[in-house]
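# Structural characterization, general
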Amino acid sequence: MKYDERNMVAALLLGAVILLLGACAATPKVSVVRDPGSDFSGFSTFGFREPLGTDRDTGGEAFTRTVLSGTLENAARSELESLGYVFEVDSPELEVNFYVENREVIQSRRGPSYSIGYGYYHRPYGVWTGYETDIRQYTESTLHVDVVDVAKNQLIWEGISVERLSGHDLAFEPDNVAASLTRIFADFPRRRLDIRE
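Reading the values: the criteria
- Residues numbered from 1 in each chain as written.
- Predicted model: local features only at pLDDT ≥ 70, side-chain atom pairs only at ≥ 80, totals over all residues.
- Heavy atoms only, no water.
- Phe/Tyr/Trp six-rings, centres within 6.5 Å; stacked < 30°, edge-to-face > 60°.
- Helix = DSSP H or I, 4+ residues; strand = E, 2+ residues; numbered from the N terminus.
- Salt bridge = Lys/Arg side-chain N within 4 Å of Asp/Glu carboxyl O.
- Buried < 20%, exposed > 50% of the residue type's maximum accessible area, 1.4 Å probe, protein only.
- Pairing = 2+ DSSP bridges.
- Core = buried A, V, L, I, M, F, W, Y, C linked by side-chain atoms within 4.5 Å.
- Contact = heavy atoms within 4.5 Å.
- Polar contact = N/O pair within 3.5 Å; in protein donor to acceptor, adjacent residues only side chain to side chain.
- pLDDT = per-residue confidence, 0-100.

Glancing now at the packing of aromatic side chains. By the definition in use, this model includes 10 aromatic pairs. Judged by centre distance (5.9 Å) and plane angle (85 degrees), the rings of phenylalanine 46 and phenylalanine 48 are edge-to-face. Geometrically, the ring pair formed by phenylalanine 46 and phenylalanine 87 is tilted, given 5.6 Å between the ring centres and 55 degrees between the ring planes. Of this pair, phenylalanine 46 sits in strand E2 (residues 45–48) while phenylalanine 87 sits in strand E5 (residues 86–87); the two residues are 41 residues apart in sequence, bridging distant segments of the chain. Through pairs of rings, three or more aromatic residues link up here, namely Phe40, Phe43, Tyr85, Trp157, Phe185 and Phe188.

Structure below.
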C-alpha cells in the first residue's frame with residue numbers, strides 16, 4: 001500500500017471514530033443525589049405533587065396538565081411500581097415531582113481537521129491536515145425528578161437527566177421519556193417487603 005493510500009485510509013478511519021463518538025454523546029447524562037440520612041425501608045407508598053412542576057400555569061391558582069406531565073407521571077409510576085412501591089392518591093408517604101429546564105449552549109472547540117482531494121502533477125490524491133475552530137449551538141434540556149418525604153416535607157432523592165435536543169424541539173422527545181426515567185430510577189432503593197405481606 002502506498003503512503004498516500006495509507007494516509008487516506010487513516011483519515012477515513014479517524015472520521016468514522018469521530019462519528020461514532022458523536023453518536024454516543026447523544027445519550028442523556030444521568031446523575032442521582034440521595035439524602036444519606038434518609039431510611040427508605042419505611043416507605044411503601046407514593047403519589048404525585050399537585051400541581052406538577054411541568055404543568056402549565058393558566059393564571060391564578062389554575063393549572064393545566066400537559067402532555068409531558070402525563071407521560072412523565074405514567075413512566076415514573078411504572079418504574080416505582082416495578083420497585084415494589086404502591087401508588088396512593090390520598091396520603092402517600094413519598095411525593096414525586098418533575099421539573100424541566102431548557103438552555104441554549106454555545107460550544108467552541110479547536111481541533112484537527114482533515115480533507116481529502118485530488119492533487120496536482122504526479123499526486124492523484126492526497127490528505128491534508130490542519131486545525132480549525134468548530135462552534136456549535138444547541139439546546140440542552142434538563143429533567144429533574146424530585147422525591148419528597150411527605151411527613152418531613154423534605155427532599156430526600158433527586159434524579160437528573162441532561163439531554164441535547166434535536167432540531168427545534170423544546171422538550172424531551174415523548175419516546176425518550178420512559179427510557180430517561182428508567183435510567184434515572186435505576187439506583188432508586190427497592191421497597192423492602194414485609195414478610196407478613
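Let's pick the thread back up.
Summed over the entire model, instances satisfying the criterion amount to 6 salt bridges. For the salt bridge of glutamate 81 with arginine 77, the shortest nitrogen-to-oxygen distance reads 3.0 Å. Remark: arginine 77 and glutamate 81 occur in helix H2 (residues 67–82); sequence separation between them is 4 residues, near one turn of the helix. Connected through shared salt-bridge partners, Glu50, Asp55, Arg65 and Glu73 make up one network.

Across the two faces of E2 the burial is the same, with Thr45 and Gly47 and Phe46 and Phe48 all buried. Sheet analysis places E2 next to E5, joined by 2 bridges and oriented parallel. Directly across from phenylalanine 46, in E5, lies its bridge partner phenylalanine 87.

One finds Tyr85, Val145, Trp157, Leu181 and Phe188 to be the most contacted residues of the largest nonpolar core, which totals 25 residues. Elements with a minimum of two residues in this core: E2, H2, strand E6 (94–117), strand E7 (126–149), strand E8 (154–164) and helix H3 (174–184). Top element by residues in this core is H2. It accounts for 5 residues. Discounting residues that sit within four places of it in the chain, phenylalanine 188 has contacts with Phe40, Leu80, Leu83, Tyr85, Leu94, Val147 and Trp157.

Moving on, we come to the side chain of serine 141. Examined against the element boundaries, serine 141 turns out to sit in strand E7. The exposure class of serine 141 is buried, given its relative accessible area of 0%. Side-chain polar atoms of serine 141 contact the side chain of asparagine 102, separated by 2.8 Å.

Here the focus is the environment of glutamate 61. With respect to the secondary-structure elements, glutamate 61 resides in the loop between strand E3 (56–57) and strand E4 (63–64). Overall, glutamate 61 belongs to the exposed group, its relative accessible area being 80%.

Okay, the environment of tyrosine 99 next. By secondary structure assignment, the location of tyrosine 99 is in strand E6. Take tyrosine 99: its relative accessible area is 38%, and that puts it in the partly exposed class. One polar contact links tyrosine 99 to asparagine 97, side chain to side chain, over a distance of 3.0 Å.

With that settled, consider unusual backbone geometry. Residue proline 51 is reached from glutamate 50 by a cis peptide bond, and omega for that bond is -5 degrees. Locating proline 51 in the fold gives a position in the loop between E2 and E3. For asparagine 153, which is not glycine, the phi dihedral falls at a positive 50 degrees. Within the secondary structure, asparagine 153 sits in the loop between E7 and E8.

What follows deals with the side chain of serine 38. Turning to its location among the elements, serine 38 is positioned in the loop between strand E1 (29–34) and E2. A relative accessible area of 13% places serine 38 in the buried class. Setting aside chain neighbours within four positions, we find serine 38 in contact with Gln154 and Ile156.

The next thing to look at is the confidence of the model for the chain. Note: predicted coordinates in regions of low pLDDT should not be interpreted at a detailed level. Across the chain, the average pLDDT comes to 78, with 70% of residues at or above 70. In the predicted structure, residues 8–25 sits below a pLDDT of 50 and forms 7 contacts with residues beyond four places in sequence or in another chain.

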